[in-house]
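# Descriptive analysis of the structure
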Amino acid sequence: MDLFFTGYITLFFLYGMTLFAGLMGRHGLSRLMAVPALAANGFLLMGISIISRQPPVFEIFGGMLFVTFVLGLMGLFCRRAEDTPLNVKTWVWMEILFLLSIVLFFPKVPPPHRYLHTVLWVVCFHGFRDLALSWAFFSAAHFIQLKSDPARNRVNNPLLKQGRNYLLLSAVAFLCGEYSGIIWCQNGWGDFWHWTPAFFQSTLVILCLMAAFHIPGKTARSNSLRSFMAVITPLVMLSIKIVKGLP
Amino acid sequence: MKRFFEHLSSMQFTLLILSVLMLWFVWGIFLAESDGFRQGFNAMNRFLVPVWFKNPHGLPFLLKFWFVGLCSVMVILGINLVFCSWTKFLKIMQNKQAASRFVMLMIHMVFGFVALGHFGSFLLGYRYENVKLRENQSFPLPEGYAVSVKKIHFEDDLNILSKRPRERKPGAFHPEANFCEVALIKNGKPVVQGKVYFLRPLVWEGIQVTLKRFTPFGSGGKRRPETGTPGVKLIISRNPARLLVFFLFPVMILGIGAYLVMTWRTRPSPKLNSLAKQEENEK
């Protein structure tokens, strides 16, 4: 069996066990299981980088593993209370398994080396986008938890604040990616933007982020709408990544 | 009248415009992906706005409608931005708001200029795409300028030029080894000369010469091998709005970063705590 496919299955199993332990209320064990899962994730990323001689942020396999690695790190070091079986951490492990299940439909081999994938601005464009996706999913985990929190309608719910913090961080990373893309486009096509589906898709993500930050009010209804936008945004980002990764 | 201005500067109105913009861009994605309109968008990339509307056989009506609609919604967003910023500016002047509010105001203003820069890029300057040139050929530009190709260096197998980039084997083309030497001429006198590689254009006084691809010599077919020196396909552009966006975009990112640091709170603020207590008491 292929080494990377074996690694992928192992990763799926380890993250699955991490989630299972969390759902059983064994939070210490869950944290312990997350360490080998992250280590395996890191080794797979290193393997892809070494074989393809480029950062693992381009195709679906490498890109998703990068996203799950960052998301896993956030989940491991997340300091939110784990007093219920369903908490921010368990939502993070579920998101990771969801992302890994998408990889199932794509080739699980390192991509061939390409000159373009070693150009700084191209690497930054894809890298920052993957980073933005990780943070947007981490933010979404907070907003999903907020919906199941009995004190969700409280004005000062910390979940709301932390979710907003990470969504804003995701926006910063996404804009850094966009700026790298602007430089790439300027050097490659003589102008900093073009009327292309890729431009429209990027703008759609920015508009989703803008909408999430412009929801007025601090009422329960506003928070529901905010949570909805915060969950939709990473899904839009993910859909774009999947569409671009289609052969 | 006051209520009307309040409505114009409200967040509800912003959210409404953003929702309309989202729908407009989703429609744009479908248009750009459809075979019937892809050529229209390509034409929008090749030419500046006046050409889109001058030529009766230019853009399809639906594309013109989409573009005018987009501009209209952006103008409304701009009005909302100006009114909202003015209201916030007044509050800041009255010292009612924190420093983070001032940073947020700056971010909004910079965003407005970045959006204007994007619009300016298809109104100002010029753009010549797919300029096919061979060695010692030149292309005239406005204001007495011309671009001349002095020498073309192509080290790889010429046969790969007749294949599409996706059909080529990985590593068959070496971007660092293949380039062309171009000279920018003004009124018959060369003003600058340099090498143009892939993703490494020649820029002088705002005029950019970008290498798009190498073109086959023409002697080879599918069965006959390519011989001779290939030509180049260049993009020659001048966009005065470029510098504005290149400077302001990172300013906007830094501003958002600064705002995030200033407002990063995991613990509830005392002000919100009292609000929460008040809410609980009311219940």
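Everything numeric here is computed off the predicted structure, so don't read it as measured data.

With that settled, consider the pattern of salt bridges. All names here are of chain B. The tally for this structure, following the rule as stated, stands at 7 salt bridges over all chains. Between D35 and R38 there is a salt bridge whose closest N-O contact spans 3.1 Å. One end of the pair is D35 and the other is R38, both in helix α3 (residues 35-46) and 3 residues apart, which spans about a single turn. Between R200 and E176 there is a salt bridge whose closest N-O contact spans 3.0 Å. Placement of the pair is R200 in the loop between β5 (189-196) and β6 (202-204) and E176 in the loop between β3 (145-153) and β4 (179-186), with a sequence separation of 24 residues.

Turning to a nonpolar patch on the surface, a few remarks are in order. Residue and element names in this part refer to chain A. Taken together, the side chains of F13, M17, F20, L23, M24 and L86 make up a nonpolar region of the molecular surface, amounting to roughly 570 Å² of accessible area. Within the element layout of this structure, L86 appears in the loop between α3 (60-77) and α4 (88-103). When its relative accessible area of 34% is taken as the criterion, L86 is described as partly exposed.

Below, the discussion takes up the pairing of β4(B). Residues and elements named next belong to chain B. Among the 8 residues in β4, 6 count as buried, and that is most of the element. Bridge count between β3 and β4: 8 bridges; the pairing is antiparallel. Directly across from K151, in β4, lies its bridge partner E181. Hairpin connection of β4 to β5: 2 residues between the antiparallel strands, including N187 at a positive phi of 50 degrees.

Taken together, the contacts link 63 residues of chain B with 53 residues of chain A. The tally of links between chain B and chain A comes to 1 salt bridge. Note that D191(A) and R127(B) form a salt bridge whose closest N and O atoms lie 3.9 Å from each other. On inspection of chain B and its partner chain A, the count reaches 12 residue pairs in polar contact (both at pLDDT 80 or more). Sorting elements by how many residues they give to the side of chain B that touches chain A places helix α2 (residues 11-33) of chain B first, with 13 residues. Of the residues in the side of chain B that touches chain A, the class split is 37 nonpolar, 16 polar and 10 charged.

This brings us to the packing of aromatic side chains. Going through the model one piece at a time under the given rule, you end up with 44 aromatic pairs over all chains. Between F5(A) and Y8(A) the ring centres are 6.2 Å apart and the planes differ by 40 degrees, which places this aromatic pair in the tilted class. Note that F5(A) and Y8(A) are positioned in helix α1 (residues 3-23) at a spacing of 3 residues, about one turn of the helix. Look at F5(A) and you get partly exposed, because its relative accessible area is 28%. For Y8(A), a relative accessible area of 0% translates into the label buried. Residues W195(A) and W52(B) carry aromatic rings whose centres are separated by 6.2 Å and whose planes lie at 75 degrees to one another, so their mutual orientation is edge-to-face. Placement of the pair is W195(A) in the loop between α6 (158-189) and α7 (197-213) and W52(B) in helix α4 (residues 49-54), with the two residues belonging to separate chains. Each member of the pair, W195(A) as well as W52(B), is classed as buried. The ring centre of Y8(A) lies 5.4 Å from the NZ or CZ of K108(A), which sits over that ring. A cation over a ring is seen here: R200(B) above Y197(B), with NZ or CZ 4.1 Å from the ring centre.

Residue and element names in this part refer to chain B. Quantified by volume, the second largest pocket comes out at close to 360 Å³. In this structure, the second largest pocket is lined by 15 residues; those nearest its centre are G78, L81, G112, F113 and L116. The set of elements that each furnish at least two residues to the lining of the second largest pocket consists of α5 (61-93) and α6 (99-120). Considering each element in turn, the lining of the second largest pocket owes the most residues, 8 residues, to α5.

Quick look at the side chain of T68(A) now. Residues and elements named next belong to chain A. Here T68 lies in helix α3. Judged by its relative accessible area of 0%, T68 falls in the buried class. Within the structure, T68 has its side chain in polar contact with the backbone oxygen of L65 (distance 2.9 Å).

Looking now at the environment of R238(B). Its location among the elements puts R238(B) in strand β8 (residues 231-238). Ignoring anything within four residues of it in the chain, the contact list for R238(B) reads L124(B), G125(B), Y126(B), E205(B), G206(B) and I207(B).

What follows covers the pairing of β5(B). Sheet topology note: the β4(B)/β5(B) ladder contains 7 bridges and is antiparallel. Residue pairing for β5(B): C180(B) is matched across the bridge by V196(B).

On to the domain arrangement of chain A, then. All names here are of chain A. Per the domain assignment, the segments of chain A are domain 1 (1-115) and domain 2 (119-247). Each of domain 1 and domain 2 has a C-alpha centre, and the two are 20 Å apart. At the interface, 27 residues of domain 1 touch 28 residues of domain 2. Around 2,200 Å² of area is buried between domain 1 and domain 2 when both sides are counted, 77% of it from carbon and sulfur atoms. On the surface where domain 1 and domain 2 come into contact, there are 0 salt bridges. The interface formed by domain 1 and domain 2 holds 3 residue pairs in polar contact (both at pLDDT 80 or more) in total. Secondary-structure elements contributing two or more residues to the side of domain 1 that touches domain 2 are α3 and α4. When residues in the side of domain 1 that touches domain 2 are grouped by element, the largest group, 9 residues, is from α3. Here the residues of the side of domain 1 that touches domain 2 are counted per class, giving 20 nonpolar, 4 polar and 3 charged.

Reading the values: the criteria
Residues numbered from 1 in each chain as written. Chains lettered and ligands numbered in written order. Predicted model: local features only at pLDDT ≥ 70, side-chain atom pairs only at ≥ 80, totals over all residues. Heavy atoms only, no water. Salt bridge = Lys/Arg side-chain N within 4 Å of Asp/Glu carboxyl O. Helix = DSSP H or I, 4+ residues; strand = E, 2+ residues; numbered from the N terminus. Patch = residues over 30% accessible without salt bridge, like charges linked within 9 Å, V, L, I, M, F, W, Y side chains within 5 Å. Areas by Shrake-Rupley, 256 points an atom, 1.4 Å probe, with all protein chains shown as cover. Buried < 20%, exposed > 50% of the residue type's maximum accessible area, 1.4 Å probe, protein only. Pairing = 2+ DSSP bridges. Contact = heavy atoms within 4.5 Å. Polar contact = N/O pair within 3.5 Å; in protein donor to acceptor, adjacent residues only side chain to side chain. Nonpolar A, V, L, I, M, F, W, Y, C, P; charged D, E, K, R; others polar. Phe/Tyr/Trp six-rings, centres within 6.5 Å; stacked < 30°, edge-to-face > 60°. Lys NZ or Arg CZ within 6 Å of the ring centre and 35° of its normal. 1 Å grid on protein atoms, 1.4 Å probe; cavity = no way out; pocket = protein on both sides within 12 Å on 5 of 7 lines; lining within 4 Å. Points joined across faces, edges and corners; volume = space filled by probe spheres on them. Domains from an automatic or database assignment. Buried area = accessible area lost by both parts, 1.4 Å probe.

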